[in-house]
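Below are the chains, spelled out letter by letter.
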Amino acid sequence: MAVRRSLTLLAGCTALAVAVTAAPASATGAQHDVLPPRDGWASADGGTSGGAGADAAHTYTVTTWEELRAALADDAGAPRVIKVKGTLNATAAGCAAFEAEGYDFDRYLADYDPAVWGRDTPVSGAQEDLRAASATRQGAAIKAYVPADTTIVGVGRNPGIVGGSLQIQGVDDVVVRNLTLESPLDCFPQWDPTDGDRGAWNSEYDSMVVHGSTHVWIDHNTFTDGEHPDSSLPSYYGELYQQHDGELDVVRGADLVTASWNVFADHDKTLMIGNSDSAGGTDRGKLRVTLHHNVFRDIVERAPRVRFGQVDAYNNHYVVPADGYQYSFGIGQESQLVAQKNAFTLPAGVSAAKILKKWKEAPVTADANYVNGKRVDLIAVHNAEMPEETLQSGAGWTPTLRTRVDDPRALPGLLARHAGAGKRR
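Residues numbered from 1 in each chain as written. Predicted model: local features only at pLDDT ≥ 70, side-chain atom pairs only at ≥ 80, totals over all residues. Heavy atoms only, no water.

### Overview of the pairing of strand 22 (residues 295-301)
Within strand 22, five of the seven residues are buried, which leaves the element mostly enclosed by the surrounding structure. Two strands pair when backbone bridges link them, and strand 22 and strand 25 (residues 317-319) are joined in this way by three bridges, in the parallel orientation. Bridging across to strand 25, Val295 finds its partner in His317. (Buried < 20%, exposed > 50% of the residue type's maximum accessible area, 1.4 Å probe, protein only. Helix = DSSP H or I, 4+ residues; strand = E, 2+ residues; numbered from the N terminus. Pairing = 2+ DSSP bridges.)

### Thoughts on helix 1 (residues 65-73)
Working note: α-helix, 3.6 residues per turn, so residues spaced by three or four point in the same direction. Burial analysis of helix 1 places seven of its nine residues in the buried class, the great majority of the element. Within the span of helix 1, buried status applies to Trp65, Glu67, Leu68, Arg69, Ala70, Ala71 and Leu72. Phi for Asp75, located one or two positions after helix 1, is positive at around 50°.

### Concerning the environment of Asp219
For Asp219, the position within the fold is in strand 13 (residues 214-219). When the C-alpha positions of Asp219 and Val153 are compared, they lie 9.6 Å apart, and in sequence the two are 66 residues distant. Ignoring any residue separated from it by four or fewer positions in sequence, one finds Asp219 in contact with Val176, Arg177, Asn178, Ser260, Trp261, Asn262 and Arg425. A distance of 2.7 Å separates a polar atom in the side chain of Asp219 from a polar atom in the side chain of Arg177. (Contact = heavy atoms within 4.5 Å. Polar contact = N/O pair within 3.5 Å; in protein donor to acceptor, adjacent residues only side chain to side chain.)

### Brief notes about the confidence of the model for the protein
When pLDDT is averaged across the protein, the result is 92; 92% of the residues are at 70 or more. Predicted confidence for residues 1-29 stays below pLDDT 50, and this span has 61 contacts to residues more than four positions away or in other chains. (pLDDT = per-residue confidence, 0-100.)

### Description of the state of the cysteines
A covalent bond bridging the sulfur atoms of two cysteines is what the word disulfide describes. Per the counting criterion, the structure on display carries one disulfide. Sulfur-sulfur distance for the disulfide between Cys95 and Cys187 comes to 2.0 Å. The S-S bond linking Cys95 to Cys187 shows a torsion near -75°; that makes this disulfide left-handed. Taken as a pair, Cys95 in the loop between strand 4 (80-89) and helix 2 (105-111) and Cys187 in the loop between strand 9 (180-182) and strand 10 (190-192) lie far apart in primary sequence, 92 residues in all. (Disulfide = S-S within 2.5 Å.)

### Section: the packing of aromatic side chains
According to the stated counting rule, one finds 23 aromatic pairs in the structure shown. Taking the centre distance of 6.5 Å and the plane angle of 55° together, the rings of Phe105 and Trp201 count as tilted. Taken as a pair, Phe105 in helix 2 and Trp201 in strand 11 (residues 200-202) lie far apart in primary sequence, 96 residues in all. Seen in terms of ring centroids, Phe329 and Phe344 are 6.1 Å apart; in terms of plane orientation they differ by 80°. Their pairing is edge-to-face. Placement of Phe329 in strand 26 (residues 329-331) and of Phe344 in strand 28 (residues 343-345) is noted, with a sequence separation of 15 residues between them. Here Phe329 matches Phe344 in class, with each residue buried. Cluster of aromatic residues (ring-pair linked, three or more members): Tyr103, Phe105, Tyr108, Tyr112, Trp117, Phe188, Trp191, Trp201, Tyr236, Tyr237 and Tyr241. (Phe/Tyr/Trp six-rings, centres within 6.5 Å; stacked < 30°, edge-to-face > 60°.)

Shown next, in the form of C-alpha cells:
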C-alpha cells in the first residue's frame, strides 16, 4: 500500500504543506537502476547507484515543483528515489511573482540605454539593485538542491521540469534519468555595456549544475529551450535579450560523471566542463567526465567546452545548425579531451575545421570521427584551415571505462531511436 507523507517546505517565511506519495520499493522498477560497471567515469571508484538503497518510506511520486523540492529536503541523509510524474513548472506564477517592489523594466531600459549611460562602465544604481534583488528571489524559487544517494527519474507520459534548475552540489552518488528539462528562462538578465564591443545581456540558471559532486549519472534526458528558443527572444539596445544560460555545467571540483543517451537541443552555450581558467586549485585532477551516445542537435557551441578535465567523448552524434554555428569541442585550460568515434552531420557551407576550437594550448586526441558518413581527421582539417590556432595531437591518456562502442556510421539512426527522454536502449 502506498504511504502518504506530509512534508513541510519553507519558502521565505511561509510554511507550505506538501503531500508526497511514497510507493513500495517493489513497484519502482527501473527507478532503482544503477550505472553498469565500466560505463564511463561515474563507474570508477565504487560506481554510481543513486538512491538504489531507498526503502518504501523514501520512494516518492511528485507532481509539482513544490513537491519535488519537499521530497529532496525530507529526512536528510536517507537514500531516496523520486519519481517525477507529468511536467513540474518552477515558474508557473510568472516573472512578476519575483519582482522586487519598485523594479520597473521600462525604467531600467531608460536608465541604462547606452545613449544615456555609455558603454565604458558597468551599470549601477537603484534599478540595477532592484533587478539584482528580483533575480535573487527567482533563484531561490527555481533551484532545487539534490542530496547524496538520490535517484530522480521520470515516469509515465512526458515527465519533465520547466524553468527549474537542479543543483547537484557537494554530494556523492546521484542519478537523473528520463526527464525533459526545459531551460530556465531568466526573468531578469543583466545588461553589461562593457561585454564585447557593443555590450551584452547576461543571464543565470542552468537546467542542471554538477558542482563539487562525485559519482553522477545523467542518462536518457532531453535538454531543450522548449517553447522559448533564442529566436523567440526580443532585442534591446540592438542586442539579443539573452534569457538562457547553459543546459548542463560540470564545475568546481566535480568529478566522476557519466552523461549517456541524452539529447541536447536548440541551445547556444550548452555544456561547460570547468568554468574558469583560474580554478586549477579545485579542478586540476578532477572534472573526469564521460559523454557517450548523446545527441547534440542545433547546438551553437560548448558541446562541450573543457578546462582541466580528462573528458572522454565518444559515440555522440552532432547535428550542426546551418546558421550561427561556432564549434562543438572547445579546447581550454589544461584540458585533456579524447574525442573518438563520433558522428557529425554538417550542412553545406559549414567546414569540419570548425568542429574543434582552441581556447588555450592543450593537446587533444580526435580520431576515428566521421563527418557526413566519411572518416575525417578533425585535427588535420582544423590545422590546415586555421593555422593561427594550431592544435597539438595526443591528450596523454587512454580511456578504458567504456562498455559498447558503436560504428560512428550507425549513430544517426541508433541515437534517433534510443537517445533522450522516453527512449530506451
